[in-house]
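Each chain, written out:
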Amino acid sequence: MTQYQQMIFTNLAVSDLEASKKFFSELGYTLNAQFSDETCASFVVSEHIVIMLLTKEKYASFTKKAIIDSHSNSEVLLCLSAESREKVDELVGKALAAGGTESGEKQDYGFMYGRAFDDLDGHTFEIMWMDPSAIES
């Protein structure tokens, strides 16, 4: 019997869907055309993580809450793991080259290293590496 593996679909409201699609493509994520149309774009981050970019109109159809300006308000901090310190810097470098902005200061604790960036709409992504030997029991 195979154990069910839960997935996470992170839905983000975006101002310019085409610009956001270009941004996430430049990070190396794969567009899943089957779940994308003129109002949304589905990007596969990993086997169990999908980022859904939704126009503000589409996003509004899923909630009665106001859509915040994520450039000046925080709605969520998204943290993705990286396999090494170099991969942290590589992904943040891609984000900055694609038009994102660095968010906060580098975090370097020796056994843990992280940086963060904001995407085009101000959503914050933290990219973290942790030395596996530091968490062994």
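Quantities reported herein were computed from a predicted structural model and do not represent experimental measurements.

Chemist: I'm lost on the sheet that holds strand 4 (residues 49–55) in this one. Help?
Modeler: Two modes of strand pairing occur in sheets, parallel and antiparallel, and in both the strands are linked by backbone hydrogen bonds. Taking strand neighbours across the sheet as the criterion, the 4 strands line up as 1-4-3-2 in an open arrangement whose pairing is mixed. The sheet is open, and its two edges are formed by strand 1 (8–14) and strand 2 (30–31), each paired on a single side. Pairing of strand 2 with strand 3 (residues 40–46), which is carried by 2 bridges, proceeds in the antiparallel orientation. Across the sheet, the residue bridging to L31 is F43, located in strand 3.

Chemist: How should helix 1 (residues 17–26) be read in this particular structure?
Modeler: In an α-helix there are 3.6 residues to a turn, and that puts residues three or four apart on one side. What helix 1 keeps buried is the set L17, S20, F23 and F24. End-on view of helix 1: buried residues confined to an arc of 120°, all on one side of the axis. Away from the buried face of helix 1 by more than 90 degrees, exposed residues E18 and K22 are located. Residues of helix 1 that are buried make contact with strand 1, strand 3, strand 4, helix 3 (85–97), strand 8 (112–118) and strand 9 (124–130).

Chemist: What should I look at first to understand the nonpolar core in this one?
Modeler: Counting residues in hydrophobic clusters, the biggest one holds 25 residues, and the most contacted among them are F24, L27, Y29, L53, F117, F125 and I127. Within the residue set of this core, elements represented by two or more residues are strand 1, helix 1, strand 3, strand 4, strand 5 (77–81), helix 3, strand 8 and strand 9. Ranked by the residues each element gives to this core, the list is headed by helix 3, at 4 residues. In this view, F117 contacts F23, L27, V92, A95, T101, E102, S103, H123, T124, F125 and I127; residues no more than four positions away in its chain are not counted.

Chemist: Got a minute to help me understand the side chain of S84 in this structure?
Modeler: With respect to the element layout, S84 can be found in the loop between strand 5 and helix 3. At 3.4 Å, the side chain of S84 forms a polar contact with the side chain of E86. Looking at S84, its side chain comes within polar contact range of the main-chain nitrogen of K87, at 3.1 Å.

Chemist: Is there a simple way to explain a nonpolar patch on the surface in this structure?
Modeler: A cluster of nonpolar residues, Y109, F111, M130 and I135, forms a patch on the protein surface that exposes about 410 Å² of accessible area. Summarising the element assignment, I135 is placed in the segment after strand 9.

Chemist: Quick question: what am I supposed to make of the pairing of strand 8 here?
Modeler: A regular strand places its side chains so that they alternate between the two faces of the sheet. Of all 7 residues that make up strand 8, 7 are buried, and the element is covered over most of its length. Of the two faces of strand 8, the one carrying M112, G114, A116 and D118 and the one carrying Y113, R115 and F117 are both buried. The pairing of strand 6 (residues 101–102) with strand 8 spans 2 bridges and is antiparallel. Paired with T101 across the strands is D118, a residue of strand 8. Where strand 7 (residues 107–108) and strand 8 come together, 2 bridges link them in antiparallel fashion. Following the sheet pairing, Q107 is matched in strand 8 by G114. Where strand 7 folds back onto strand 8 in an antiparallel hairpin, the turn is made up of 3 residues, including G110, whose phi is positive at roughly 80°. In terms of strand pairing, strand 8 meets strand 9 through 7 bridges, oriented antiparallel. Within the sheet, the bridge partner assigned to G114 lies in strand 9 and is M128. In sequence, strand 8 turns back onto strand 9 through a hairpin of 5 residues, with G122 there showing a positive phi of about 90°.

Reading guide: rules and limits
Residues numbered from 1 in each chain as written. Predicted model: local features only at pLDDT ≥ 70, side-chain atom pairs only at ≥ 80, totals over all residues. Heavy atoms only, no water. Pairing = 2+ DSSP bridges. Helix = DSSP H or I, 4+ residues; strand = E, 2+ residues; numbered from the N terminus. Buried < 20%, exposed > 50% of the residue type's maximum accessible area, 1.4 Å probe, protein only. Arc of directions from axis to C-beta. Contact = heavy atoms within 4.5 Å. Core = buried A, V, L, I, M, F, W, Y, C linked by side-chain atoms within 4.5 Å. Polar contact = N/O pair within 3.5 Å; in protein donor to acceptor, adjacent residues only side chain to side chain. Patch = residues over 30% accessible without salt bridge, like charges linked within 9 Å, V, L, I, M, F, W, Y side chains within 5 Å. Areas by Shrake-Rupley, 256 points an atom, 1.4 Å probe, with all protein chains shown as cover. Salt bridge = Lys/Arg side-chain N within 4 Å of Asp/Glu carboxyl O.

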